[in-house]
Amino acid sequence: MSEKVIAINHLQKKFGKFLALKDVTFEVKKGEVFGFIGPNGAGKSTTIRTLLGILRASGGTATIFGKDVWQDAVQIHKRLAYVPGDVYLWPNLTGGEIIDLFLKLNHQQHNARTDELIKQFELDPSKKTRTYSKGNRQKVALIAAFSTDADLYIFDEPTSGLDPLNEEIFQKQVLALKQDGKSILLSSHILSEVEHMCDRIGIIREGRLIETGTLNEMRHLTRTLITVQTQSSLPDLRNYNGIHDFKLAKDVINKASFSVDSDKMGAVMTLLAPLSITALQSTPPTLEDLFLRYYQNDEHGDDHHEI
Amino acid sequence: MKSSNYQQSLFLTRFNLKRDGLLILVWVLVLSLLMSAVAFKFNDLYGTKDAISSIVLTLKTPAMVSLFGAFTAKAPYTTADIFASEMMVFMALFMAIMNIYFAVRNTRGEESNGTVELIAAHAVGKQSPLLAATIELFLINLFMGCLFFLGIQISGMTGMSTIGNLLTGSGLAACGFLFGSSSLFMAQISDNPRGATMLSYLFLGVTYLIRMITDVKNADWTYLSPFGWVEKLSIYDQNNWLPVLFMLSLTTVLLLLTFYANRHRDVGAGLLTTRGGRKRATFLLSGPFTLVMRLDRLSLIAWILGLCVMGISYGSIFGTVGDILKANPMMGSLLGKNALNAASHLIVLKFAALLLIVFAVLATVPSMQTLLRINNDERKGWLEQIHAKAISRNHIFISYVAVALIMGTFTLLAAIFGMWLANAAVMKDPLTLTRLLRGFWGYLPALYVILGIGALLVGWLPKLQAIIWLLPIYGLISLYFGNLMNIPKWAQQITPYGWINQVPVNNVNWTNFGLLLLLALILFIVGFIGYQKRDLLEN
Ligand SMILES: Nc1ncnc2c1ncn2[C@@H]1O[C@H](COP(=O)(O)OP(=O)(O)O)[C@@H](O)[C@H]1O
Ligand SMILES: [Mg+2]
């Protein structure tokens, strides 16, 4: 499991004077789904394009399957499938022709799985792509990628144009790949997508990878939302260490809602227990919260390091 | 209801003008400067009686008539008569090309890249984007016409008249707007920009060739071709305004049809709709080369046919062009039959040599377009997924280059073949194919060198690659007018088109052939090195 499929070390990319990637370091291990998350313009696509040898790194190193992404691009690409963020296709070819072409370019054939995928995604392969919507163009790329037999799959914001039904098919297919032991790099700013599928995530912001880890490791950084009602009178916990956004209910006495830093949960529970809790509701943190927090911190200056 | 269809048109027009401002300025300046520069120079060139009468003789030959239009002015001839006769057809052609470009770009082009849909979602009438494009086109032509008028007016050319200058400006503007309107109409018929452009050029090509053939055979019939109407203005001679009326009437009809069609169709749809296609790729689509070939298939066929027809049209007047006796019956008795044949062959060959420059420049257009697609397709995002496949940059680059070379080679060949075909049919003693093919072997390496320069730009200066178009444009103007306007030898030899020594009159210079091919090869390799080292542009 510990074999590295992708290894990126202090990767930098300059566009003229603009430093789009300042310091990106992470790795993707064999058999895992790695979520690569960040807001628009963070540098996700730039990182991926560098991995594909479309862009040339300005600093740092990046390897896939232990090979240099720039020097050995063709060797690497034999075992790789990629779906870009915005799929643009030759307008005068049909979807079916392009799917076949993409397979052939990797020396593979249209197979039963391809037909199966075309049916699942409900794509009409006989139409010229000129007439396709963004979602349909994305389906073409997804079908080609999923029916390619590869070791590494890279998806750059793959479901931004898909409806929920197709998004579900996408998620199922990714999980199927994972079960087959394939490695997957999935970039996104849609968090629900990542949450279901990823083993580990990396968060990128303004060209810097700021955090990597498993979901659980990330969760300790987040706050749990608590709603509590007690029999004894509930003190004002506004200033208690680890409690945030404390609000007393207006209509019910001794009821309050607040969020707790996950690592302060024990202390807070000890504090509440003697007050005879009658109702307690806790909502686990979603990545949304985690994400919001990163961005809020962003607005209030760079204080996320202290969490 | 009715007026709401056109809501916000003026706002859109202003917006478009702002967006296209620079492009319009470049076109307008280049064309009007060209026109005025020639007008200024003409007093020097054709200021004397002798110069005028000798050029009139030349302009009356069928070869020149086919290229510049019938010379119809009455004696005594003035400098201005020569000017009008040499410039009108040529400038009208450029006006038509400019109008087709802007018309397609601003209607079907905008529609296919989704801008129209975005705009239509706002409080903008259904006809507004089309009306805005029409107004813009009208304004461009108006502006152009005014500059033509002013440019000639201040040139102080002998024999010109204010009314004639005014007619020149108005006629060219009306002609441009006519072809712009035809193109607006074609944009309703085809549902994609490429199709609309092709249909527009089909119309231009057919009207141009009709004009060419009727001019040589019987100039009265030239009225049949809307393109021929610019000749019928009879500038500085009769100053005939009737053709302007014809142009405006046809323009009105075309515009009415266009607006009718636009109102009755969906955004994105055309009269000729994109049909479905194969569900599976055949073996003809299995790699980068076959892909590029497939993408340019239609263009390849259209250009080969187009140039072949053009070759046939010019070849079909070889008989008239070579007919020395018609111009000078005395010759028959002075020269023997063999000498006569040789003399007439020489005239035809000289004519063919001039035509070959035109063909070589025309063959450059589709092949250069294919070459520039290396970056243009990249910008559109079409290649991104190809790069992620087990396909090297090498392979992609070579595929485009190969198709570009095929494109150039076969279009040039088609033109020469067409010329030979027609010449064999009409001439009593036709030129042989081998003889005419000298033109092919002569110009092919020049074409390759120009494509090589294109490849250099593609590799090293992708953002500026469009400046390569200056080469064919300059090449055409400098060589087409080379002798008529006394353009110095060095200025004619700036582009590789000028490096070729009068084939098919002379033999192919095979040393030159080899050296040019070598040069082309080096240019391609250097261009490729640039392409290999750099970031690929992305959308
Ligand atoms: N070819 C380019 N030239 C200049 N700047 C670019 C280029 N590509 C991306 N950028 C810039 O780099 C930054 C990262 O972009 P990108 O990687 O596309 O972000 P993401 O995919 O995370 O939304 C953005 O600020 C973007 O404007
Ligand atoms: Mg992106």
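Calculation rules
- Residues numbered from 1 in each chain as written.
- Chains lettered and ligands numbered in written order.
- Predicted model: local features only at pLDDT ≥ 70, side-chain atom pairs only at ≥ 80, totals over all residues.
- Heavy atoms only, no water.
- Near = heavy atom within 4 Å.
- Polar contact = N/O pair within 3.5 Å; in protein donor to acceptor, adjacent residues only side chain to side chain.
- Areas by Shrake-Rupley, 256 points an atom, 1.4 Å probe, with all protein chains shown as cover.
- Helix = DSSP H or I, 4+ residues; strand = E, 2+ residues; numbered from the N terminus.
- Nonpolar A, V, L, I, M, F, W, Y, C, P; charged D, E, K, R; others polar.
- Domains from an automatic or database assignment.
- Contact = heavy atoms within 4.5 Å.
- Buried area = accessible area lost by both parts, 1.4 Å probe.
- Salt bridge = Lys/Arg side-chain N within 4 Å of Asp/Glu carboxyl O.
- 1 Å grid on protein atoms, 1.4 Å probe; cavity = no way out; pocket = protein on both sides within 12 Å on 5 of 7 lines; lining within 4 Å.
- Points joined across faces, edges and corners; volume = space filled by probe spheres on them.

Student: Got a sec to walk through the site of ligand 1? Specific residues and values, please.
Tutor: Residue and element names in this part refer to chain A. Of all residues adjacent to ligand 1, which total twelve residues, the nearest are G41, G43, K44, S45 and T46. Between an oxygen atom of ligand 1 and a main-chain N or O atom of G43, the distance comes to 2.9 Å. Protein chains bury 65% of the 560 Å² of accessible surface belonging to ligand 1 in isolation. When contributions to the shell around ligand 1 are tallied by element, the ones reaching two or more residues are β2 (18-29) and α1 (44-51). Sorting elements by how many residues they give to the shell around ligand 1 places α1 first, with three residues. Split by residue class, the shell around ligand 1 holds five nonpolar, five polar and two charged.

Student: Before we move on, could you go through the domain arrangement of chain B and cite the residues and values that matter?
Tutor: Residue and element names in this part refer to chain B. Splitting chain B by domain gives domain 1 (13-273) and domain 2 (284-312 + 355-539). Computed over C-alpha atoms only, the centres of domain 1 and domain 2 are separated by 27 Å. With 16 residues of domain 1 at the contact, the number on the domain 2 side is 15 residues. Taken together, the two surfaces of domain 1 and domain 2 that pack against each other cover about 1,400 Å², and 76% of this comes from carbon and sulfur. When the buried surface of domain 1 facing domain 2 is broken down by residue, F90, R194 and M198 rank first, second and third, together holding 31% of it.

Student: Residue-level account of the interface of chain B and chain A, with values.
Tutor: Contacts between chain B and chain A engage 42 residues on the former and 37 residues on the latter. Where chain B abuts chain A, roughly 3,700 Å² becomes buried across the two surfaces, and 56% of that area is made up of carbon and sulfur atoms. A salt bridge links R280 of chain B to D100 of chain A, with the nearest nitrogen and oxygen atoms 2.7 Å apart. Where chain B packs against chain A, one counts 20 residue pairs in polar contact (both at pLDDT 80 or more). Put simply, the parts of the chain that give the side of chain B that touches chain A at least two residues each are α10 (288-295), α16 (384-387) and α21 (510-533) of chain B. Classifying every residue of the side of chain B that touches chain A by side-chain character gives 13 nonpolar, 13 polar and 16 charged.

Student: Can you explain empty space enclosed by the protein? Please cite residues and give values.
Tutor: Over the atoms rolls a probe the size of a water molecule, and its path tells where empty space is left. All names here are of chain B. With the rule as written, the count across this model stands at four cavities of 30 Å³ or more. In this structure, the largest cavity occupies an estimated 80 Å³ of space. Looking at the largest cavity, the residues that line it are W441, G442, P445, W499, I500, N501, V503, N507, V508, N509, N512 and F513. Broken down by element, the residue count for the lining of the largest cavity peaks at three residues, all from helix α18 (residues 433-460). Across the lining of the largest cavity, the residue classes tally to seven nonpolar, five polar and no charged. Put simply, the second largest cavity is a space of about 70 Å³.

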